Structure formats: structure tokens, C-alpha cells
Number of protein chains: 4
Amino acid sequence: MKVPGFKKGDDEHGEGPRVFGLKLPNLGDVDGVFGLKLPGLTKEPPMEGPALGPAAEAGYTEKQERVLQAAMAVFADRGFSAASTSEIAKEAGVAAGTVFRFYRTKKDLLLGVVTPVFRRFVAPQFVAAVRGLLEDDYEDLAAFLRVLLSDRMQFVRRHRLAVRIALQETPLHPELRQLWQELVVDELEPLALETVVRLQAQGLVRPVPPGVAARTVLSVLAGFLVYRFFVLPEADWNDQAEIEALIDVLVGGLGA
Amino acid sequence: MKVPGFKKGDDEHGEGPRVFGLKLPNLGDVDGVFGLKLPGLTKEPPMEGPALGPAAEAGYTEKQERVLQAAMAVFADRGFSAASTSEIAKEAGVAAGTVFRFYRTKKDLLLGVVTPVFRRFVAPQFVAAVRGLLEDDYEDLAAFLRVLLSDRMQFVRRHRLAVRIALQETPLHPELRQLWQELVVDELEPLALETVVRLQAQGLVRPVPPGVAARTVLSVLAGFLVYRFFVLPEADWNDQAEIEALIDVLVGGLGA
Amino acid sequence: MKVPGFKKGDDEHGEGPRVFGLKLPNLGDVDGVFGLKLPGLTKEPPMEGPALGPAAEAGYTEKQERVLQAAMAVFADRGFSAASTSEIAKEAGVAAGTVFRFYRTKKDLLLGVVTPVFRRFVAPQFVAAVRGLLEDDYEDLAAFLRVLLSDRMQFVRRHRLAVRIALQETPLHPELRQLWQELVVDELEPLALETVVRLQAQGLVRPVPPGVAARTVLSVLAGFLVYRFFVLPEADWNDQAEIEALIDVLVGGLGA
Amino acid sequence: MKVPGFKKGDDEHGEGPRVFGLKLPNLGDVDGVFGLKLPGLTKEPPMEGPALGPAAEAGYTEKQERVLQAAMAVFADRGFSAASTSEIAKEAGVAAGTVFRFYRTKKDLLLGVVTPVFRRFVAPQFVAAVRGLLEDDYEDLAAFLRVLLSDRMQFVRRHRLAVRIALQETPLHPELRQLWQELVVDELEPLALETVVRLQAQGLVRPVPPGVAARTVLSVLAGFLVYRFFVLPEADWNDQAEIEALIDVLVGGLGA
DNA sequence: CATGAATGAGCTTTCATTCAT
DNA sequence: CATGAATGAAAGCTCATTCAT
């Protein structure tokens, strides 16, 4: 079985730092994010496309937008509890009190950072992908997974900070868990199971329990994205190759 | 292809709450941990085996042991930054000042909670598993993965709080990242790659880049464990069946 | 000695809540003002006559009038220091900044609320009462006291909020004490003493030191009014009877 | 009728500042308390007897005692809302945080200042006075009133600050109104009415409604004390003479 | 050793006041 | 004139850490 997109020798141990076969850049010494201390970069790689924060939504003033971006940066960096609103204010270039004009409490600010991103991009985009599935009648499982993985990768890439904050803070805030409850359990899950069933009907997925199939895809996808963007964001990833490798594994394990 | 251990109908939608095909318990209403709000249990399921904290190590006084256990509970519950040393002291049944006899600062306490667990149980047990691989000459990939998954599952089950704290706090503390650097990058990774190469030489794993194989297994394993113990710890998991399903997927994708 | 105006049995303990022999209304459960927690009314009894605030004075715009009324309500309710100018603005239906067009500081607003009421109604009306005394030649002390008490009762009834604010805030603001200095010490007191002397000359008051007589009347009057309007405003007062009872006491103690 | 204790000419207009016939001291320029701006004293006159604050109660540490005294001084001076806990701390000579070891919130501190004083000295001492009435069989009304007025005067003199705070803050705090509810309505009032009835049975008070009699005495007493200690505390009061004058008035109005 | 009272820096939040629109 | 966004000083309160007992 071939792994498309992998150049020959990609994974051989050569010179330079490597982790699990990934070549790492050699530029300086920074703390990664989730990640390991790497002889790495001083900056996170630039986001692809415009940095559409939650404030891109109409109705946010430019100042509120700045507060949101600053809050995202500081919450991601220090964690919610250790972040200080005054640092956020300073980072946003506004007075300390101004933050509270937009968000009555610090916790409101957290929710204001996280909620819009997920509300607008999690369920809706999954719905769009599945609608594509219905209309385009993907010829095989790999094609469907390819769309799914690319789309979610795009999402994490663009909303890296918000995703990171969500990962960090969810265990600590019932309000965030409530958000996932609504988004994942109430909206996403029925759709996901229905999709698996459809794929099984089309003969694209073998007859495992739909829940197992769904969770397996989710685990593999999430595992990759966390690793890709938070554990080793600085590494020399060949994203296409990685995605194809994952698809290979999933198709091998789940395909009919 | 069969999925061993799954009872027929396990995944069909019956009565009672379900998430991704998992039946959830129906006992009350509690917040999970990482997890979604479930019509769930009032208590986390009891740990299997004795609750061996880091303090089980020789040389810890009974008081220090109590401090460590309390710190684990409070750090896991509130997060490091929002946890107060005085609450830890109260939980441990010691005076506020006593905590600082054992650990000079709050951060030392965090490291004291996390470090020993991982130092003693991550690399050493992986080494043991691999040594088993060498000695026992696993007849197939599934057998190896079965040992690996079961062992790591055991680990997370027994050290749930420490693992949870590590997941929550790693992004926020360079000291913890340094710990992973030493454990994972320096100790575990060479061993892992070497193991993949050996399995490929035995004809048990097909010739994908060893790094890809290693990271895929890791992702699937981690994704499952996080889901199993932190996202939906209260659900009615059939662990053996889940493990076998994952092995199926991995063998399908990676096996020769 | 009879107590005119008291109906027989007025003070006997019957059904319903009573305090010091006063029947209290039985409508619900509210906090009084100064007062005790009564099984009382949800609203203060309506003011008699039009609610003439200080702004009834010529030259106040309708907006300034609204600000004054709102300030009175909020200052009375929360106290000056705990009152926020933005709440006053909201209550008045104007923007936060508008308040400061009329009154440069919050304290100016306090003075603007209290001063006009007292400047216009304390000394002038006392002067009018005394002028009445001179012209009408009250035949007895009771008649004079009756006019005095009724008039002051009317005043407190109509300017309840301003009086309440004055009582609450005087101890805390030198500026208000200065106001009393001017009104009471400089204007009222000479007039009061002169009046006592005149009444003594007419044989209506016995020859106690004029200051003692004046302060006694003042104390009894103030004590009644505070009790009547601020401690137990909800009680079922028979004002005429109360006034006659007080006059009885005062005449008994001070009359010739 | 003579007014015992009044020296001849006491109330004549002579040199020096006078208010309602009271000679005022001539020492400097201070703000009074409630009172009018007087050419007055730089300090409140020293309390008679030991300054028994609420902290005289067993179980208060010396530091807590200092905090209470400081809180009393600052609350009385600025009012609760405008008082800052850090000023109280400084005044007490402790660190800012120490205040909150004793009283979890600023409001607790207010209650801690006011409650003990009134709980211990209002109802109990009135009970004692009435018990005296029963045992000693006062020969006339004046003797009873003399004991009552002297005792309450003593109380206000010794607990001037606490009384002042209670007067200032009661309208603003439901918790304080609750305190009066318990002390005055529930405990004191039945006793007071019963006492009036007894005095009427003894032929010492004429048959007015007991509630009227009780409230009249209360009003006159409170009016005097407020005037004496808060409006014009600096004036040259002849307390015995004032009390006798008030007794004269009350006996004249209420006596049989 | 263990205690817990004491510290004081630092936090989030409020709000009187200003000023560009 | 009126607005209300913005300010920033100051508030109440928390808590890691120290140290006399």
C-alpha cells in the first residue's frame, strides 16, 4: 500500500533534531505550546489566511476586537486563571476598565472568546461537509475522509488559539462543558451516526457498530491535530502526507 | 471482519442516554470531568487496585503522602492556578504552613505530584513491554498492541488524577514540558522507533515510515484513553471490545 | 385629661401586627425604610399633594428636574456614597455625561438635591408660622403647637426623600452641616428663642429657660416625625390623634 | 416648678457662641459629628469610664480588638460605604489582609461592630431597669424616668461610636434592620407596654393608650440623646438639669 | 517539626469624570 | 447641548509564603 505524498526518505534519521521521525527546525530556542522544548522557532508559524477571530463577526467595534484578540493570546499563554485582565488590557492597548465594558466579568470574556468560534465553525461546517457527501456521492471512503480531515485541519489552523484555550479550559469550566454538550452531543453526534450508517449502506464502511466507527475517526483525527498543532507545531510537517497516511489507516481499519 | 468482544446489538440505539453509541449510566446528574454533562454518576468510578500515588515511594512520611494526595485532588479539580494551597492543606488535614515544609513553593508541589508518577511509570513500563516483545516474540501485531494498550489503560486508570493534571497543566508550565522532553523525546522515542523497525523486520508491520507508524499508534491510543477516562468516564464502556476494535483498525492500517 | 382624636380602644392589642400599640398593615412582606421589617406594604404610601421636588423652582429644565428626582430616589435608597451616578442617569433617562452638565460633581448633585428644599421650606415657613402667631394671637399654647406640628408634618410628608437624605448624609458631609449652621443656628434659633420669650410674656409658657423649652419641643417633634415617616411609615397612624397626644404632653410639661 | 440642677442665668444670652441657649466651648474650629460647625473642640470629649468596645467580650484577640475599634472610628467618621478597609487596617496597625481574617467581608465587619454592643446592652439593661422597677417600687414616675434616662444616657455615652454607626447605617442595611426587629420589636416592645400598664395600675401614669405613652417617652429620650451626643456634643451641657427638665415635661404630660 | 496568624502584593471590578462626536 | 465610550484610580478581597511560638 502506498502512502501518497510521502517523499522517499522522508522519515529517515538524518541530521537535525527529530521527534518520532519528524524533522524539526533549527532556529533558536523557544518553548513550544503544548509541546516539547525544541531547538525551535521564536514565533508560531503564521496562520494561513486571514486571522479571523470571533470578532470578525459584524457588530464588534475595533476596540472590542482588539480586546478579544488580546484575551485569546493571554488566555492561551497563561491559562485563564493565571491570566490577568490588566495584562489583557495592556496587550489590547486599552485601559483596564475598558475590558469590562465589553465583558462584564473575566469569565464572560473567556466565553466570549471561545463560544463564537465554536458555535460558528463546528456544527455548521460539519453539516456542510456531510451535505457535500450527500450531493457529491463520494466514490470511496478515502475521498470523504480527505474532505473531513482537511476541513478540520483548516479550522484548527485558523483558530489555533481558540482551540487551544478550549482544550485547556474545558475541564475547569462547567460553562464550557455545557457548550460542548450542546454542540457535540446535541447537534453533531446524531449527524455523525447517521453519516456512518449511510456510508455503511453505500458499502463504503464495514458493518462495525456506528458509534465505534465514529469515535475511531474522531480519535485519530483529534490525536493528529493536537499533535500537529499543539505538541509539535514547529516540526517540519508534511500535512498532505500525514493526512494520506491517516486515511490509509482508517480505510484499512474501517473500509469495507 | 469481526470485532471480538462486542456483543451483538451493543451499539444500537436503545433506551437511556447514549453518546456516540455508548450507553451512559442513568443515576443522577453530575458534571463529568473533561466531559459532557451526563445524566450520570455522583462519583467517579473507583480506581482499580490500590490508589498508589507518587507517595507510595519509600521515604515519604504519612503526612507528605496526604499532602500529595490532596494536592492531586485539588489541582485536578480546579487547575493549578485556581487551586489554593490552604485548601490543599485543609484537605490533607495539615496546617497551611506544613505544605511548605515538603515543597518550598506551590509549583514545587505541582512537580512533586506529576513528576514521580511519570518518571516511574512511563518509560520503565514501556521498556518492560518492549523487553517482553523481545523475549516472547509476539506471534502477531495484534498481540503486541493488545499488551501495549492494556498496559497504558491500566496506567491511566490507576493514575487518573496525575494524568489529568499533566494534560491540563503541561501547556502552561515549561517545567512540565521539560519533563516530557526528557521522558518522551530522549527516552521513549528511540525505543519506539527501534521497536517499529524490529516489527517491520519481523514482517508484522508494513514498510511505512517508522515515525508515521509510531505516531499513529500513539494518536489512536491517546485519543481513546482521553475519551475513555476524561471525556466520558461515566459511560458504559466495554473496554475489551473497544481495545479489540482499535486493534482491528490499527492492524488493518498498519499490519503487513 | 382627654386625648382628643383618639378613638376608644385604639391602642388595645387586637389582631394583626402591632408595634408600640400601632396597628400595622397586613399586606405582604417588605423592608421599611429606616424601619423594622414589617408584614407591610409593597409601596410607601403616596405623597399627599403634588411631589414638589426642588426642581419645581423656576429655571430648571425638564431634564434637570428628572435628574434631581432620580438622584433623590437613588441617594435615599442607597446612601450617597453607594449611589452611582450612572444609575441616577439611567433612572432619569439621560446619558451618564448629562448629569455632569447640571452638577459638576456627584457632591454638587447631593447639595443640589438637599439645599433648595431646606432653604425654601425650613426657615421661611417657620417665619410664616411665627408671623401667624403675632397676627392671630393664638389663644393658647396648644393652638400654636398644633399649627407648628401640622406644618412640619406636612413638610416631611411632601419632602420625605429629601429629609431622609438630609438625615442620612448630614453626619458625613461638612457642606451639609454648613447648611444647617446657616439655616438653624443663624436663622431659626434667634427666632425660636424670641418666640418662646414672647409666649412666656403672654403667659402661655411657664418660665423655664427658653432654650430648654425650644429644644424640648424640637425633640418631641423630631422624634415623632422620624418615627412616623421613617421608622414605621407603613403603620396605621392616626396622625391627628398622635399630634393631640404630643400637644397634651408638651402643654402639660411646658404650659403655664 | 423648679428645674433642679439649673444654675441661675444658665440660659441667658451672654458672651460666647450659643445654640438654643446652650453655651458652646470656644477652643478652636472643628467639625462636630452630626452636628453644626462649632467654634469647637479638636477632639470628642473623652468617654467616661473604660472604652468598652464590643471586643471587651472574652475571646477577642488584642489584634481583633484593635481592628474593631479602628472600624468603629472609620465607619463613624466616613460612613460604611465611604470607609475603606485599608484605612481601617492602617488605623488598627495591621496589614490590609488581616482585617479579613477576623471578618470575611466588609459588611461582616459592620455587623461585628454594631451587633454585639446592642445585643448586650439594649434589651438586657432595659430588663434590668424594669426589674428594678418591680423590686424597688418606685414611689413616683419621676424616679422611674430618672433611672431610665440616666441609664440610656450612660449607654450612649459609652458606646457613642457604635450608636452613631447604627443611626447612620440602619436605613441602608437590611441586616441592621433585622437586628432592630429582633431587639426592639420582639424583645423590648412587649416589656415596654407591660411596664406602662403596670405604672398605670400603680396610679403613676394616667390612662392614655400604653403605646402612645411608650412612644412619647422613647421620642423625647431619643431626641435628647441625639441632640446631646451627636448634634451638639461639644456644647456645655448640664446633663442633670436637662434630664430633670425632660422628666418635668414627661411627668407633666403623662403623670397621673 | 508543626502550626496558623500575619503579611502585602496582586487580583478583578466599579465608577466619577472627561471629551470627541 | 447631549451622548456614552473610555479612562484609571481605588476599592474589596485572596492567597502564597513566612516565622514566632
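Residues numbered from 1 in each chain as written. Chains lettered and ligands numbered in written order. Predicted model: local features only at pLDDT ≥ 70, side-chain atom pairs only at ≥ 80, totals over all residues. Heavy atoms only, no water.

Structural notes on the overall build of chain A
When helices and strands are tallied, chain A shows 10 helices and 2 strands. Scanning chain A from its N terminus toward the C terminus, one meets helices and strands in the order β-β-α-α-α-α-α-α-α-α-α-α. Classification of the 256 residues of chain A by burial places 55% in the buried group. Sequence separation of 24 or more characterises 68% of the internal contacts of chain A that already satisfy a separation of 6 or more. Summing over all exposed atoms, chain A offers an accessible surface of approximately 11000 Å²; the carbon and sulfur share of this is 55%. (Helix = DSSP H or I, 4+ residues; strand = E, 2+ residues; numbered from the N terminus. Buried < 20%, exposed > 50% of the residue type's maximum accessible area, 1.4 Å probe, protein only. Contact = heavy atoms within 4.5 Å. Areas by Shrake-Rupley, 256 points an atom, 1.4 Å probe, with all protein chains shown as cover.)

Details of helix H7 (residues 160-169) of chain D
All names here are of chain D. Across the 10 residues that make up H7, a large majority, 8, are buried. Arg-160, Ala-162, Val-163, Arg-164, Ile-165, Ala-166, Gln-168 and Glu-169 are the residues of H7 that are buried. Buried-residue contacts for H7 involve helix H1 (62-78), helix H4 (106-121), helix H6 (141-158), helix H8 (174-201) and helix H9 (210-231).

Observations regarding the protein's contact with DNA strand E
The full set close to DNA strand E counts 29 residues, and Lys-106 of chain A, Thr-98 of chain B, Thr-85 of chain C together with Thr-98 and Arg-101 of chain D are the nearest of them. Atoms of DNA strand E within 4 Å of the protein belong to the sugar or the phosphate in 67% of instances, the rest to bases. Here a phosphate oxygen of DNA strand E sits 2.5 Å away from a polar atom, N or O, in the side chain of Thr-98 of chain B. (Near = heavy atom within 4 Å. Polar contact = N/O pair within 3.5 Å; in protein donor to acceptor, adjacent residues only side chain to side chain.)

Let's talk about the protein's contact with DNA strand F
In the neighbourhood of DNA strand F, 29 residues make up the surrounding shell, with Thr-98 and Arg-101 of chain A, Thr-85 of chain B, Thr-98 of chain C together with Lys-106 of chain D lying closest. Sugar and phosphate atoms constitute 67% of the interface atoms of DNA strand F, taking the interface as everything within 4 Å of the protein. For DNA strand F, a phosphate oxygen lies 2.5 Å from a polar atom in the side chain of Thr-85 of chain B. Between DNA strand F and Lys-106 of chain B there is a distance of 2.8 Å, counted from a phosphate oxygen to a backbone nitrogen or oxygen. Only helix H3 (99-102) of chain A, helix H2 (85-92) and helix H3 (96-102) of chain B together with helix H3 (96-102) of chain C provide two or more residues apiece to the surface near DNA strand F. Sorting elements by how many residues they give to the surface near DNA strand F places H3 of chain C first, with 4 residues. When the residues that make up the surface near DNA strand F are grouped by side-chain class, the tally is 10 nonpolar, 13 polar and 6 charged. (Nonpolar A, V, L, I, M, F, W, Y, C, P; charged D, E, K, R; others polar.)

Observations regarding the packing of helix H9 (residues 210-231) of chain A against helix H9 (residues 210-231) of chain B
At a minimum axis separation of 8 Å, H9 of chain A and H9 of chain B run at an interaxial angle of 115 degrees. It follows that H9 of chain A is roughly perpendicular to H9 of chain B by the angle criterion. The element H9 of chain A and its partner H9 of chain B pack so that their crossing is right-handed. Between H9 of chain A, through Arg-215, Leu-218, Ser-219, Val-220, Gly-223, Phe-224 and Tyr-227 of chain A, and H9 of chain B, the contact on the second element is made entirely by Arg-215, Leu-218, Ser-219, Val-220, Gly-223, Phe-224 and Tyr-227 of chain B. Looking at the contact of H9 of chain A with H9 of chain B residue by residue, the class counts come to 8 nonpolar, 4 polar and 2 charged. (Axes fitted to C-alpha atoms, helices over the stretch in contact; angles between N-to-C directions. Parallel < 35°, antiparallel > 145°, perpendicular 65-115°, else oblique. Left-handed = near helix turned anticlockwise from the far one by under 90°.)

Focus: the confidence of the model for chain A
Residues and elements named next belong to chain A. Residues at a pLDDT of 70 or more form 76% of chain A, whose mean pLDDT is 79. Across chain A, element-level confidence peaks in helix H2 (residues 85-92) with a mean pLDDT of 97 and bottoms out in strand E1 (residues 18-19) with 61. Between residues 1-14, whose pLDDT stays under 50, and residues either more than four places distant or in other chains, the model counts 32 contacts. Note on residues 26-56: pLDDT is under 50 here. Beyond four places in sequence and across chains, it has 85 contacts. The ipTM for the predicted assembly is 0.82, set against a pTM of 0.83. (pLDDT = per-residue confidence, 0-100.)

Thoughts on the packing of aromatic side chains
Under the criterion given, the structure shown has 24 aromatic pairs over all chains. On the basis of an interplanar angle of 50 degrees and a centroid distance of 5.3 Å, the ring pair of Phe-75 of chain A and Phe-80 of chain A is categorised as tilted. Taken together, a centroid distance of 6.1 Å and an interplanar angle of 80 degrees make the contact between Tyr-227 of chain C and Trp-237 of chain C edge-to-face. Taken as a pair, Tyr-227 of chain C in helix H9 (residues 210-231) and Trp-237 of chain C in the loop between H9 and helix H10 (239-254) lie far apart in primary sequence, 10 residues in all. Judged by relative accessible area, Trp-237 of chain C falls into the buried class, the value being 10%. Through a chain of ring-to-ring contacts, the aromatic side chains of Phe-118, Phe-121, Phe-155 and Trp-180 of chain A assemble into a single cluster. (Phe/Tyr/Trp six-rings, centres within 6.5 Å; stacked < 30°, edge-to-face > 60°.)

Comments concerning the pattern of salt bridges
A pair can form between side chains of opposite charge whenever their charged atoms are brought close. By the definition in use, this model includes 48 salt bridges over all chains. The partner of Arg-66 of chain A in a salt bridge is Glu-62 of chain A, with the nearest N and O atoms 2.7 Å apart. Of the two residues, Arg-66 of chain A and Glu-62 of chain A both sit in helix H1 (residues 62-78), 4 residues apart, roughly one turn of that helix. When the shortest N-O distance is used, the salt bridge between Asp-248 of chain B and Arg-206 of chain A registers 3.8 Å. Of the two residues, Asp-248 of chain B sits in helix H10 (residues 239-254) while Arg-206 of chain A sits in the loop between helix H8 (174-201) and H9, which places them in two different chains. Connected via shared salt-bridge partners are Asp-77, Arg-78 and Glu-87 of chain A. (Salt bridge = Lys/Arg side-chain N within 4 Å of Asp/Glu carboxyl O.)

Notes on the packing of helix H7 (residues 160-169) of chain C against H9 of chain C
Residue and element names in this part refer to chain C. Here H7 crosses H9 at 110 degrees, and the two axes come no closer than 11 Å. With respect to H9, the axis of H7 lies roughly perpendicular. Helix-helix and strand crossings are classified by hand; for H7 and H9 the assignment is left-handed. Contacts from Arg-160, Val-163, Arg-164 and Leu-167 of H7 reach H9 at Val-226, Phe-229 and Phe-230. Split into classes, the residues belonging to the contact of H7 with H9 amount to 5 nonpolar, no polar and 2 charged.

Looking at the side chain of Thr-170 of chain B
Residues and elements named next belong to chain B. If you trace the backbone, Thr-170 turns up in the loop between helix H7 (160-169) and helix H8 (174-201). Residue Thr-170 is classed as buried on the basis of its relative accessible area, which comes to 6%. A distance of 2.7 Å separates polar atoms of two side chains, one belonging to Thr-170 and the other to Trp-180.

Considerations on the nonpolar core
In terms of nonpolar packing, the biggest core is built from 147 residues, with Phe-75, Val-114 and Phe-118 of chain C together with Phe-75, Val-114 and Phe-118 of chain D touching the most fellow members. Residues within four places of Val-114 of chain D in sequence aside, it is in contact with Ile-165, Ala-166, Leu-176 and Leu-179 of chain D. Formed by 146 residues, the second largest nonpolar core is a distinct cluster that contains Ala-123 and Trp-180 of chain A together with Val-114 and Leu-221 of chain B. (Core = buried A, V, L, I, M, F, W, Y, C linked by side-chain atoms within 4.5 Å.)

Points about the environment of Asp-239 of chain B
Residues and elements named next belong to chain B. By secondary structure assignment, the location of Asp-239 is in helix H10. Of the residues examined, Asp-239 reaches a relative accessible area of 14% and is grouped as buried. In this structure the C-alpha to C-alpha distance between Asp-239 and Arg-228, which are 11 residues apart in sequence, comes to 8.7 Å. Not counting residues up to four positions away in its chain, the partners in contact with Asp-239 are Met-153, Arg-157 and Arg-228.

Focus on the environment of Arg-152 of chain D
Residue and element names in this part refer to chain D. For Arg-152, the location among the structural elements is in helix H6. Here Arg-152 falls in the buried class, since its relative accessible area comes to 13%. As for Arg-152 and Glu-169, which are separated by 17 residues in sequence, their C-alpha atoms are 20 Å apart.

With respect to H4 of chain D
Its 16 residues place the ends of H4 of chain D 24 Å apart at the C-alpha level, agreeing with the 22 Å of an ideal helix rising 1.5 Å per residue. Inspection of H4 of chain D places Leu-109, Leu-110, Gly-112, Val-113, Val-114, Thr-115, Pro-116, Val-117, Phe-118 and Phe-121 of chain D among the buried residues, and these make up the whole buried set. (Expected span 1.5 Å × (residues − 1).)

Some details on the side chain of Ser-219 of chain D
Topologically, Ser-219 of chain D is positioned in helix H9. Here Ser-219 of chain D falls in the buried class, since its relative accessible area comes to 9%. Not counting residues within four places of it along the chain, the set of residues in contact with Ser-219 of chain D comprises Ser-219, Gly-223 and Phe-224 of chain C.

Brief notes about the environment of Glu-65 of chain A
Residues and elements named next belong to chain A. Assignment of secondary structure puts Glu-65 in helix H1. Put simply, Glu-65 and Ala-214 are 149 residues apart on the chain and 36 Å apart in space, counted from C-alpha to C-alpha. Here Gln-69 takes part through its side chain, which lies 2.7 Å from a polar atom of the side chain of Glu-65.

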